[in-house]
Amino acid sequence: MNQQVSRWLEEHREEMADMLCRWVRIPSLRSDPEPGAPFGPEIRRMLDQAAEDLRGMGYAVRTFDGYALDASMGPEGEEPIAVLGHLDVVPAGDGWDTPPFEPVRKGNRLYGRGTNDDKGPVLAALFAMTAIREAGIPLKSGIRLILGGDEESEWEDMAYYQAHTQMPATGFSPDASFPLINTEKAILHLALRAPACAEGLAVTEMNTGERPNVIPGESRAAVAGDPALADRVRALAAEWQLPYRAEASERGVTITAEGIGGHSAHPDGRRNAIGMMLKMLRALGAAGPLAELADAVGLESDGKSLGCACADEASGPLTCNIGILRLEEAGWYGTLDLRCPVTADLDVLLASVRARLPGWTVEVLERKPPHHVPADSELVTALLAAYGEETGRPGKPMSTGGGTYAKVLKQGVAFGALFPGDEELAHQPNEYQDLDRLLQAAGIYANALIRLCGKE
Ligand SMILES: [Zn+2]
């Protein structure tokens, strides 16, 4: 890479870490809208902070009414290369060893919600751009950093942005893994509703999960009945070799299932706590819709019993996640998150879900089409060349079930900032960013942007 660029990045490592701390301290979670804050006050505060920091680095920042912002560099007119990231985060969830919104540095690692998804990678891209500018590298086309505030929820930020300005056609999103993801599965988010069942085991309380796209790490349910049920829970837990706890109370038993939380798109090595709870409730005598859901999904993440299991070469297999299950006054409410191979027919999958869950009404909350950029495109070859040069490792394009902003661009791919073999930490407790890795990512981004936008 260009010597001046890499030296500038080295010299600004601590500044990048400080800025990351500042950003992580803002719990940019979506909440009820307020005037000027369509995603709630914390996301607005985060966008304002980012705008201030970017201006401090010499960028002309355009803000989009609490939805998004952008910062451009290089020549105007030519179609710019877009770098798309997000400043919102998912809720902290349980299991943190440090306060999730008070960054803690341990050696090279900075712990906190959003360090890795996506505030850290956004900063790597921002510092890469700035290094190119400070090194005085001549550009033939512009670079535009676009930051949104609603990636983890509805993507309303990008819809608003596109309605108010022209979205570039080509670019990348630093919101996944290296080497590069050129194939993204289609996403189906489904809402499930069913009446509370009068027969069988009486579940009196359950309220697990906040998001369809998070694998819940813990689930608790209260059931009415003989306190001796607690012994039955313990016996089953031992038989299945799965971690459950049971506490007898006057009115019955409270059961806790300990899963392994994570991102719905990456179920390998995780264990859905709602799935565990369904398995237990079924064994204890739950009937009706709960039994149906236990049988059709339970602990499966491949959609097999739901009749949805499928795969293709470019995308790999379908994944399935129950992110929410709660007992409300009106009955049961749950969500399913299906990540579907690019060749899958979503209507067929939906019909299958409805057929296997006849006791539930199934409503589509969100439907995102699949996305694919050819491996031999100029964009993919340039980014992979940058990755190869900076890491000394050749890279092949990959597929993911994690929808990123890459899909918003006609020619968009996800590019970093997680390295092969690194822990997958997005949406999990104890999320951290390795600062050496972040600096390396910045180097790769700079190399890539020079290839895409630099003059000969
Ligand atoms: Zn993200």
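Residues numbered from 1 in each chain as written. Predicted model: local features only at pLDDT ≥ 70, side-chain atom pairs only at ≥ 80, totals over all residues.

On to the overall build of the protein chain. Within the protein chain one finds 11 helices and 26 strands. Taken over the C-alpha atoms alone, the protein chain extends approximately 75 × 45 × 45 Å along its principal axes. Nonlocal contacts in the protein chain, meaning residues at least 24 apart in sequence, comprise 75% of its contacts between residues at least 6 apart. (Helix = DSSP H or I, 4+ residues; strand = E, 2+ residues; numbered from the N terminus. Contact = placed C-beta atoms within 7 Å.)

Next up on the list: the packing of helix α2 (residues 13-24) against helix α3 (residues 41-56). At a minimum axis distance of 10 Å, the contact between α2 and α3 shows a crossing angle of 160°. As summarised for this structure, α2 and α3 are arranged roughly antiparallel, according to the angle between their axes. Here α2 and α3 pass one another in a crossing that is right-handed. Of the residues in α3, those in contact with M19, R22 and W23 of α2 are M46, Q49, A50 and D53. (Axes fitted to C-alpha atoms, helices over the stretch in contact; angles between N-to-C directions. Parallel < 35°, antiparallel > 145°, perpendicular 65-115°, else oblique. Left-handed = near helix turned anticlockwise from the far one by under 90°.)

Next up on the list: the domain arrangement of the protein chain. Considered domain by domain, the protein chain is made up of domain 1 (3-185 + 371-453) and domain 2 (187-368). Taken residue by residue, the interface counts 19 residues in domain 1 and 20 residues in domain 2. Among the residues making up the side of domain 1 that touches domain 2, the classes are represented as four nonpolar, 11 polar and four charged. (Domains from an automatic or database assignment. Nonpolar A, V, L, I, M, F, W, Y, C, P; charged D, E, K, R; others polar.)

In terms of nonpolar packing, the biggest core is built from 82 residues, with A124, A128, L383, V413, Y445, A446 and L449 touching the most fellow members. Take this core: its biggest share by element is 12 residues, from helix α11 (residues 435-453). In this structure V413 touches F172, L180, I181, N182, V373, L379, V380, L383 and A406, once residues within four positions along its chain are discounted. In terms of nonpolar packing, the next biggest core, distinct from the first, is built from 46 residues, I255, M276, L306 and C320 among them. (Core = buried A, V, L, I, M, F, W, Y, C linked by C-beta atoms within 7 Å. Buried ≥ 20, exposed ≤ 12 C-beta atoms within 10 Å, placed from the backbone.)

This part is about unusual backbone geometry. The omega torsion across F178 and P179 is 0°, close enough to zero to call that bond cis. Mapped onto the fold, P179 is located in the loop between β8 (176-177) and β9 (180-184). Following G416, the chain continues to A417 via a peptide bond in cis, the omega torsion being 10°. Its location among the elements puts A417 in strand β25 (residues 417-418). Of note in this structure, D65 is not a glycine but carries a positive phi near 55°. Within the fold, D65 resides in the loop between β1 (61-64) and β2 (68-73).

The antiparallel open sheet is built from three strands, whose spatial order is β4-β5-β26. Whereas interior strands pair on both sides, the edge strands pair on one side only; in this sheet they are β4 (104-106) and β26 (432-434). Going across the sheet, the axis of each strand differs from the next one's by a mean of 20°, ignoring polarity. Pairing between β4 and strand β5 (residues 109-111): three bridges, direction antiparallel. Residue pairing across strands places R105 opposite L110, the latter belonging to β5. (Pairing = 2+ DSSP bridges.)

Within the secondary structure layout, E152 lies in the loop between β6 (143-148) and α5 (156-164). Accessibility expressed as a C-beta count within 10 Å gives 25 for E152, which makes it buried. For E152 and L365, which are 213 residues apart along the polypeptide, the C-alpha to C-alpha distance reads 14 Å. Every residue in contact with E152, bar those within four places of it in the chain, is listed here: D88, V89 and V90.

What follows concerns the sheet that holds strand β14 (residues 244-249). Within a sheet, each strand pairs with its neighbour through backbone hydrogen bonds, oriented either parallel or antiparallel. An order of β14-β15-β13-β11-β19-β20-β10-β21 is seen for the eight strands of this open sheet, with the pairing classed as antiparallel. The open sheet terminates on both sides in strands that have one partner only, identified here as β14 and β21 (361-368). Geometrically, the sheet is characterised by an average inter-axis angle of 20° between neighbouring strands, direction not taken into account. Bridge count between β14 and strand β15 (residues 252-258): six bridges; the pairing is antiparallel. By the bridge assignment, A248 is partnered in β15 with V253.

Over its 19 residues, α11 runs 26 Å from end to end, which matches the ideal 27 Å to within 8%, given 1.5 Å per residue. For α11, the buried fraction is high: 15 of the 19 residues fall into the buried class. (Expected span 1.5 Å × (residues − 1).)

This part is about the environment of H427. Checked against the element boundaries, H427 lands in the loop between β25 and β26. Residue class for H427 comes out buried when judged on the 26 C-beta atoms lying within 10 Å of it. In the structure, H427 is positioned 338 residues away from V89 in sequence and 8.2 Å away in space, judged by C-alpha atoms. The residues contacting H427, other than those within four sequence positions of it, are V90, D117, V214, G262 and H263.

Now for the pairing of β2. The buried fraction of β2 is high, at five of six residues. Direction of pairing for β1 relative to β2: antiparallel, over a ladder of four bridges. Looking at β2, one finds that V61 is bridged to A71. In textbook terms, the turn of a hairpin is the stretch between consecutive antiparallel strands, and for β1 and β2 this stretch comprises three residues, one of which, D65, has a positive phi near 55°. The sheet contact formed by β2 and β6 spans six bridges and is antiparallel. Counterpart to A68 in the pairing with β6 is G148.

Now for the packing of helix α7 (residues 273-283) against helix α8 (residues 288-296). For any two helices packed against each other, one specifies the inter-axial angle together with the distance between the axes. Two elements in contact, α7 and α8, have axes whose closest approach is 9 Å; the angle formed by their N-to-C orientations is 125°. Judged on the interaxial angle alone, α8 and α7 are oblique. Handedness of the α7/α8 crossing: left-handed. Here L278, K279, L281 and R282 of α7 come into contact with α8, specifically with L290, A291, L293 and A294. Looking at side-chain class alone, the contact of α7 with α8 contains six nonpolar, no polar and two charged residues.

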